[in-house]
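In case you want the letters, here they are:
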Amino acid sequence: MSVVFRRFHNSGIFKMASASLKGNGPVEDIMYRKLEANLKPVHLELFNESYMHNVPKGSETHFKVVIVSPQFEGKPLIQRHRAVNEILADELKSGVHALSIVAKTPDQWECSSKEVEPSPKCRGGFGK
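Read on for an overview of the structure. None of the values given here were measured: they were computed from a predicted structure.

1. Overview of the side chain of His 43
Turning to step 1, where the next piece is worked out: Tracing the backbone shows His 43 in strand S3 (residues 43-48).
Turning to step 2, where the next piece is worked out: Residue class for His 43 comes out buried when judged on its relative accessible area of 6%.
Turning to step 3, where the next piece is worked out: Among the polar contacts listed, one links the side chain of His 43 to the side chain of Glu 45, at a separation of 3.0 Å.

2. Some remarks on the environment of Glu 45
Turning to step 1, where the next piece is worked out: Its place among the elements puts Glu 45 in strand S3.
Turning to step 2, where the next piece is worked out: The class for Glu 45 is buried, based on a relative accessible area of 4%.
Turning to step 3, where the next piece is worked out: Sequence separation between Glu 45 and Tyr 32 is 13 residues; the distance between their C-alpha atoms is 8.5 Å.

3. With respect to helix H2 (residues 77-87)
Turning to step 1, where the next piece is worked out: Residues of H2 that are buried: Arg 80, Ala 83, Val 84 and Ile 87. Around the axis of H2, the buried residues are gathered within 95° of arc, so they sit on the same side.
Turning to step 2, where the next piece is worked out: Residues of H2 that are buried sit in contact with helix H1 (26-39), strand S4 (62-68), helix H3 (89-93), strand S5 (98-104) and helix H4 (106-110).

4. Let's talk about the pairing of S3
Turning to step 1, where the next piece is worked out: Burial analysis of S3 places six of its six residues in the buried class, which makes it a mostly covered element.
Turning to step 2, where the next piece is worked out: Neither face of S3 is open: one carries His 43, Glu 45 and Phe 47, the other Leu 44, Leu 46 and Asn 48, and all of them are buried.
Turning to step 3, where the next piece is worked out: Bridge analysis of S3 against S4 gives six bridges, and the strand direction is antiparallel. Opposite Phe 47, over in S4, you have Lys 64 as the bridge partner.

5. A look at the layout of surface pockets
Turning to step 1, where the next piece is worked out: Taken as a whole, the second largest pocket spans an internal volume of roughly 150 Å³.
Turning to step 2, where the next piece is worked out: Taken together, eleven residues form the lining of the second largest pocket, with His 53, His 62, Ala 98, Ser 119 and Pro 120 sitting closest to its centre.
Turning to step 3, where the next piece is worked out: Among the secondary structure elements, those contributing two or more residues to the lining of the second largest pocket are S4 and S5.
Turning to step 4, where the next piece is worked out: Residues of the lining of the second largest pocket, tallied by class, amount to four nonpolar, four polar and three charged.

Quick notes on the rules
Residues numbered from 1 in each chain as written. Predicted model: local features only at pLDDT ≥ 70, side-chain atom pairs only at ≥ 80, totals over all residues. Heavy atoms only, no water. Helix = DSSP H or I, 4+ residues; strand = E, 2+ residues; numbered from the N terminus. Buried < 20%, exposed > 50% of the residue type's maximum accessible area, 1.4 Å probe, protein only. Polar contact = N/O pair within 3.5 Å; in protein donor to acceptor, adjacent residues only side chain to side chain. Arc of directions from axis to C-beta. Contact = heavy atoms within 4.5 Å. Pairing = 2+ DSSP bridges. 1 Å grid on protein atoms, 1.4 Å probe; cavity = no way out; pocket = protein on both sides within 12 Å on 5 of 7 lines; lining within 4 Å. Points joined across faces, edges and corners; volume = space filled by probe spheres on them. Nonpolar A, V, L, I, M, F, W, Y, C, P; charged D, E, K, R; others polar.

Structure follows, in structure tokens:
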């Protein structure tokens, strides 16, 4: 199984290498590095979806992570989400407003279509 790391920022694709994190914001870089170091994923995609919301340009407040890790084997989905949330606890306390998580085992990923549902459009807050 090959290891795939990709990052998405403002609808543009940035191919990733561990040593080169150009074109991404500092919060995104930290989140990516933490997930990579702690969960040793075989597939990791990080989407900065802040541009889809009513926030200043260049914000790092809304993210989606797609992560496939052998460490998720035998764990229910809630434990996988908790693991990701614990790893990113500092970022969630200091500015990251929303985090959507797709967390799968390698077997689940191999058997899936590998297509991630797009996030819903921002409704402007307060159910508007």
